[in-house]
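Here are the chains, one letter per residue:
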Amino acid sequence: MQGKGVSSGIAIGTIKYCAQTTRTVEKRQVTDFPAEIVRFESARALAAAQLGELAVSTAQKLGKENSLLFEIHQMMLEDTDYRESVTQIIQGQQVCAEYAVQETAGQFKEMFASMDDEYMKERAADVQDVSRRVIALLTGIGEESLLGDKPVILAAEDFSPSETAQFDRDKVLALLTSTGSGNSHTAIFARTMGIPAVIGVGGALTPDCDGLFAVLDGETGTVVLNPDEVTLAEYRKKAAEQRQREELLLAYRGKKGVSRSGKEINIYANIGSPEDVPAVLKNDAEGVGLFRSEFLYLEQSDFPGEDTQYNAYKAVLESMVGKRVVIRTLDIGADKQADYFGLAHEENPALGLRAVRICLTRPDIFKTQLRALCRASVHGKLAIMIPMITSVNEVRQVKSILKDVQDELDVAGIRYSDSIELGIMVETPAAAIISDLLAEEVDFFSIGTNDLTQYTLAIDRQNHAIEPFCDTHHDAILRLIATVVRNAHAKGLWVGICGELAGDLSLMKFYLDVGVDELSVAPPLVLGLRKAVCDSE
Amino acid sequence: MIEFEYTITDKLGIHARPAGLLVREASKYNSDISLKIGEKTADAKKIFSVMGLAAKQGDRTQITVSGEDESTASEALQSFFGVNL
């Protein structure tokens, strides 16, 4: 079966399918209802106490941000409306406590489900989750222990937060669900805990899968049931390689990327949202070399406000505690479209109105972003990077807009750092060729090899038919990189590479020879790249 | 009794997280604390009540604090709203 790989890693083992515990409870009549109310109250109090403990242990394991949910769950059980509803049902209908809890849960779920707000609708699941806990205590069935002695691949329709929080990392090989999205609790927890996970495999995953032997690849999203020997051997090899690599690489945490002959390259990480920062820290990147700000624009139905942006930038700057964070300004257009920009259809979007061209055409959008960036700059070491530059004039226009923004902030008495670095992405052949002139204007260059390759070789990177013609090591590309580095160093600028090519280990010698200062790659590649630097001459 | 008004600026409105924080903050005080948006009223110490408001960005919220510690409570809540919502 095929799903979406949301947390990488290979798992080989038996599937344990956790049937959704939506067991309906029996409607049992009781005569001694005061006793039944006491029964409910003690189960409720115990459940609330359990949630309190869960909040504390989660805070210790995963930080306070992740524990608030359980405090909210605890509040739900302590809510007087909830308690009164249960008590009234017990009393009024003379029924058992578990039935009354189920009825109450139904009513509150209904309240959320009827709300005109997608987010609030989903909170029905929280009511369900807490009520199930009380019912389990009342019926004495107890939450079926999800875990036995042997580590398993845990499968379910989806997992509730209180379930995922109780998982013992050593007993869970992987998580597998039939529903869920990349932003579901399951996906977030899996990534935070470093458990491989595949979600949304759909109807192929049924309770009948329980007990089946399987291999799961959390990167590709592939799950093979009852794998044959060949497949198994292949995945075992992949898993062993991965494990070996990880262990080997841990030794490179806290080290610097210095080659045997003493040349240093800083290894930074690329991120797409503040949620990626834990992975950056885990892999000990020395900074963020590319924070794509697009996520702020792409996941929206309207332009993101200044505060929304400020909070996202601030979150990343603060978590990186003083390490450099390069934030790329708006890079919408071409393959990244957002409807509300109202961009006209273009024959050649890759050569069209995109990135800085939008910013200079509609400075209001750009100003909001620059203002948010400047305000956030006091929380760390900020570098602003402008994409798709082709001329000196464009850089000057950007600088003039930035100056306007800072003047406005001065007037309003709002602070910003006086050591913000301004740089450009060198991703057009034009920028590379005039990099000597551009170097006069900015503090750093970051070479975006994906677009640089596409524009230099005239190869659409999304067209698979011409892949054979795409030589990413083409001399033209390597010469341009060498030129850019030389011109930058002549003016005292630092140069990084943030495209796919940065992670290409076969080019390490070249990078060291030309003197690239920084390579920025996806967080899981950081340590491998640092090792490659250390192993080089 | 002290009343003040606050317009929600948080993009998500009073979603679960701030609702939880608000209940926690409000529960520190003895005063009765209620929120009113349009015709809907909520008890700030009850999580379901607060979430049931479904307060959104831009909603004008009227906060009423009444009780012996109303002045401390309303001051604390004013700053709470400013910081969290």
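See the structure above.
So, a few notes on the structure that sits alongside this text. (Residues numbered from 1 in each chain as written. Chains lettered and ligands numbered in written order. Predicted model: local features only at pLDDT ≥ 70, side-chain atom pairs only at ≥ 80, totals over all residues. Heavy atoms only, no water.)

1. Remarks on unusual backbone geometry
Residue and element names in this part refer to chain A. We count it as follows: By definition, any uninterrupted DSSP run of H or I lasting at least four residues is a helix, any uninterrupted run of E lasting at least two residues is a strand, and each is numbered from the N terminus. Exposure categories follow from relative accessible area, calculated using a 1.4 Å probe and restricted to protein chains: below 20% of the type maximum is buried, above 50% is exposed, and the middle band is partly exposed.
A positive phi angle is found at valine 321, which is not glycine, with a value near 25°. By the secondary structure assignment, valine 321 is in the loop between α12 (306-319) and β10 (324-328). Residue valine 321 is classed as exposed on the basis of its relative accessible area of 67%. Unusually for a residue other than glycine, alanine 355 sits at a positive phi of about 50°. When you line up the elements, alanine 355 lands in the loop between β10 and α13 (356-361).

2. Focus: the pairing of strand β3 (residues 152-156) of chain A
Residues and elements named next belong to chain A. The test is simple: At least two bridges found by DSSP between two strands are what make those strands a pair.
Among the five residues in β3, five count as buried, and that is most of the element. Here β3 shows a buried face lined by Val152, Leu154 and Ala156 and a second buried face lined by Ile153 and Ala155. When strand β2 (residues 10-17) meets β3, the two strands line up parallel, connected through three bridges. Residue pairing across strands places tyrosine 17 opposite alanine 155, the latter belonging to β3. By the bridge criterion, five bridges tie β3 to strand β4 (residues 172-177) in an arrangement that is parallel. Of the residues in β4, the one forming a bridge with valine 152 is valine 172.

3. Re the pattern of salt bridges
All names here are of chain A. Which entries qualify depends on this criterion: The working definition used for a salt bridge is a side-chain nitrogen of Lys or Arg within 4 Å of a carboxyl oxygen of Asp or Glu.
Inspection of the entire model under this criterion finds 33 salt bridges over all chains. A salt bridge links aspartate 513 to lysine 263; the nearest nitrogen and oxygen atoms lie 4.0 Å apart. Of this pair, aspartate 513 sits in helix α20 (residues 508-514) while lysine 263 sits in the loop between α9 (229-250) and β8 (266-271), placing them 250 residues apart in sequence. Judged by its relative accessible area of 35%, lysine 263 is partly exposed. One salt bridge connects lysine 491 with glutamate 440, and the closest N-O pair in it is separated by 3.4 Å. With lysine 491 in the loop between α19 (475-490) and β14 (494-497) and glutamate 440 in the loop between α17 (435-438) and β13 (444-447), the pair connects residues that are 51 residues apart, well separated along the chain. Residue class for lysine 491 comes out partly exposed when judged on its relative accessible area of 40%.

4. Notes on the sheet that holds β2 of chain A
All names here are of chain A. Which entries qualify depends on this criterion: Throughout, an axis means a line fitted to C-alpha atoms (over the contacting stretch in the case of helices), and angles, computed between N-to-C directions, take values from 0 to 180 degrees. Residues are treated as being in contact if the distance between any of their heavy atoms lies within 4.5 Å.
In space, the seven strands of this open sheet follow the order β1-β5-β4-β3-β2-β6-β7, with mixed pairing throughout. Both outer strands of the open sheet, β1 (4-7) and β7 (222-225), are each paired with one neighbouring strand and no more. Here the strands of the sheet are splayed against their neighbours by 30° on average, with no regard to which way each runs. Here α9 sits on the sheet in contact with β2, β6 (213-217) and β7, set at roughly 115° to β2.

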